[in-house]
Amino acid sequence: MIRDLLTNEYMARLDVLDLAVKKRLGGISAGARKSTAKGSSLEFSDFREYTQGDDLRRIDWNSYARFGRLYTKLFNEERQATVNIILDVSSSVRVYGEKRDYAGAFAASAAYIALNNSDMVNIFAVDSSGTDRCTALSSKKSFPRAVAFIEEALSKTEKTRTAINASVAALAGERLGEGISLIISDFFSDDGCDTAVKFLRSKKQGVILAQILDSREINFEERGNLRLVDSENGSFRELEITPEMLKRYGRALEEFKNGLKELALRNEAEYHFLDDSAPLLAAVGELVGR
């Protein structure tokens, strides 16, 4: 279960990533993050509900006297960024329980860090069957809702395919806001993901590709005559697994990863490769650039 990875100790470690996230995401989408400037030159813009950690000097006490609830003043220099988490929930992501939970916990961690920064979070669970949405999350109070949504999206049992380009194209009518889009997938998509990256960049999104593979997909240890079944379409191939074939597999995997990395570089996006046998905090640390 995803919740088993999101322990109290682990979540406490995420809290200290706040400043690192501001620096990391600010470089991707210039102007989307909140300014640290203080003083009377800031122009008032709006209110939002108070969340723990807000500057007490920004609390509107008149609103508290009228409504009995705490609200924080926002200024034009404090524009809220949007973090769009696009989570692949296809069969190939769900085929190994460890990979499924790792991907889900990674998505939840990204959501928590963004919410801890008072940013807006949209989560899209995508595969060939369509898109499920959990949108307009704006405070840490909404984090349990995010976790419940991710767990439910990954609990499906029907066979579905990875379809990154088509899935992202289906987001054309969504309010993606100003900020970043994080795609979490194994990227085993027949049509690739180049169109998806270009589309998101055209929407002024900073794009991050997070490729997550199970350790058994990285270091294939099976030997002998095997029937390999495609988890998404049920097709199969009977192969004799020899040392030479394993070398070819290793080279093909590296070429696949390098192709995604080059795609990211060409489109001013970022690429991270994550192994589900590595500590989750290390993967999140790579995301925030620590």
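Quick summary incoming for the structure in this document. These numbers come from a predicted model, not from an experiment. (Residues numbered from 1 in each chain as written. Predicted model: local features only at pLDDT ≥ 70, side-chain atom pairs only at ≥ 80, totals over all residues. Heavy atoms only, no water.)

Section: the overall build of the protein
Across its full length, the protein carries 12 helices and 10 strands. Expressed as a percentage of its 290 residues, the buried residues of the protein come to 48%. For the protein, contacts bridging at least 24 residues in sequence account for 75% of all contacts bridging at least 6. (Helix = DSSP H or I, 4+ residues; strand = E, 2+ residues; numbered from the N terminus. Buried < 20%, exposed > 50% of the residue type's maximum accessible area, 1.4 Å probe, protein only. Contact = heavy atoms within 4.5 Å.)

Remarks on the nonpolar core
L6, I85, F106, V121, I123, I150 and I184 are the most contacted members of the largest nonpolar core, which totals 47 residues. Counting residues per element, this core draws most heavily on helix 6 (residues 97-116), which supplies 12 residues. Not counting residues within four places of it along the chain, the set of residues in contact with F106 comprises L182, I184, A210, I212, L274, L280, A283, V284 and L287. Membership of the second largest hydrophobic core comes to 21 residues, among which are C193, V197, V207 and Y271. (Core = buried A, V, L, I, M, F, W, Y, C linked by side-chain atoms within 4.5 Å.)

Topic: the packing of helix 6 against helix 12 (residues 280-288)
Interhelical geometry of helix 6 versus helix 12 gives an angle of 50 degrees and a closest axis separation of 10 Å. Our classification of the angle between helix 6 and helix 12 gives oblique. With respect to the hand of their crossing, helix 6 and helix 12 are arranged in right-handed fashion. Contacts from Y102, A105, F106, S109, A110 and I113 of helix 6 reach helix 12 at L280, A283, V284, L287 and V288. Residue classes in the contact of helix 6 with helix 12 are distributed as 10 nonpolar, one polar and no charged. (Axes fitted to C-alpha atoms, helices over the stretch in contact; angles between N-to-C directions. Parallel < 35°, antiparallel > 145°, perpendicular 65-115°, else oblique. Left-handed = near helix turned anticlockwise from the far one by under 90°. Nonpolar A, V, L, I, M, F, W, Y, C, P; charged D, E, K, R; others polar.)

Looking at the pairing of strand 7 (residues 205-213)
Extensive coverage of strand 7 is indicated by the burial of nine of its nine residues. Where strand 6 (residues 179-185) and strand 7 come together, seven bridges link them in parallel fashion. Of the residues in strand 7, the one forming a bridge with L182 is I208. Taken together, strand 6, helix 9 (residues 194-202) and strand 7 constitute a β-α-β crossover, and its handedness is right-handed. As judged from the six bridges shared by strand 7 and strand 10 (residues 270-275), these two strands associate in the parallel manner. Paired with I212 across the strands is L274, a residue of strand 10. (Pairing = 2+ DSSP bridges. Right-handed = clockwise from strand over helix to strand, strands pointing away.)

Some thoughts on the sheet that holds strand 10
With respect to topology, six strands assemble into an open sheet ordered 5-4-3-6-7-10, the strand pairing being mixed. The open sheet is flanked by strand 5 (130-137) and strand 10, the only strands paired with a single partner. Recorded for the sheet is a direction-independent mean angle of 15 degrees between the axes of neighbouring strands. Sheet strands in contact with helix 7 (residues 143-153) are strand 3 (82-88), strand 4 (120-127) and strand 5, and its direction is about 175 degrees off that of strand 5.

Some remarks on the packing of helix 2 (residues 8-15) against helix 6
Between helix 2 and helix 6, the least distance of the axes is 10 Å, while the angle of their chain directions is 45 degrees. As the angle between them shows, helix 2 and helix 6 are arranged oblique. As helix 2 packs across helix 6, the resulting crossing turns out to be right-handed. Where helix 2 approaches helix 6, its residues Y10, M11, L14 and D15 are matched on the opposing element by S109, Y112, I113 and N116. Of the residues in the contact of helix 2 with helix 6, the class split is five nonpolar, two polar and one charged.

Concerning helix 9
Looking only at helix 9, the buried set comprises A196, V197, F199 and L200. Around the axis of helix 9, the buried residues are gathered within 165 degrees of arc, so they sit on the same side. Each element contacted by the buried residues of helix 9 is listed here: strand 3, helix 8 (164-169), strand 6, strand 7 and helix 11 (243-266). At the exit of helix 9 stands K204, carrying a positive phi of roughly 60 degrees. (Arc of directions from axis to C-beta.)

A look at the layout of surface pockets
Here the largest pocket defines a volume of roughly 1400 Å³. Together, 33 residues line the largest pocket, and F220, L228, V229, D230 and Y249 are the ones closest to its centre. Taken together, the elements giving at least two residues each to the lining of the largest pocket come down to helix 10 (215-218), strand 8 (224-229), strand 9 (236-241) and helix 11. (1 Å grid on protein atoms, 1.4 Å probe; cavity = no way out; pocket = protein on both sides within 12 Å on 5 of 7 lines; lining within 4 Å. Points joined across faces, edges and corners; volume = space filled by probe spheres on them.)

Concerning the packing of aromatic side chains
Two numbers describe a pair of aromatic rings. These are the distance of the centres and the angle of the planes. The final tally for this structure, using the stated rule, is three aromatic pairs. The interplanar angle of 75 degrees and the centroid separation of 5.1 Å between the aromatic rings of Y112 and F143 together place this pair among those described as edge-to-face. Taken together, the residues span a long stretch of sequence, with Y112 in helix 6 and F143 in helix 7 at a distance of 31 residues. By relative accessible area, F143 is classed as buried at 11%. Considering the side-chain rings of F220 and Y249, the 6.1 Å spacing of their centres and the 50 degrees angle between planes classify their relative orientation as tilted. In this pair, F220 sits in the loop between helix 10 and strand 8 while Y249 sits in helix 11, placing the two residues 29 residues apart along the sequence. Exposure remark for F220: the relative accessible area of 23% places this residue in the partly exposed category. If you follow R227 out to its NZ or CZ, it ends over the ring of F236, 4.2 Å from the centre. (Phe/Tyr/Trp six-rings, centres within 6.5 Å; stacked < 30°, edge-to-face > 60°. Lys NZ or Arg CZ within 6 Å of the ring centre and 35° of its normal.)

Keep in mind that these numbers describe shape and distance, not what the molecule does.
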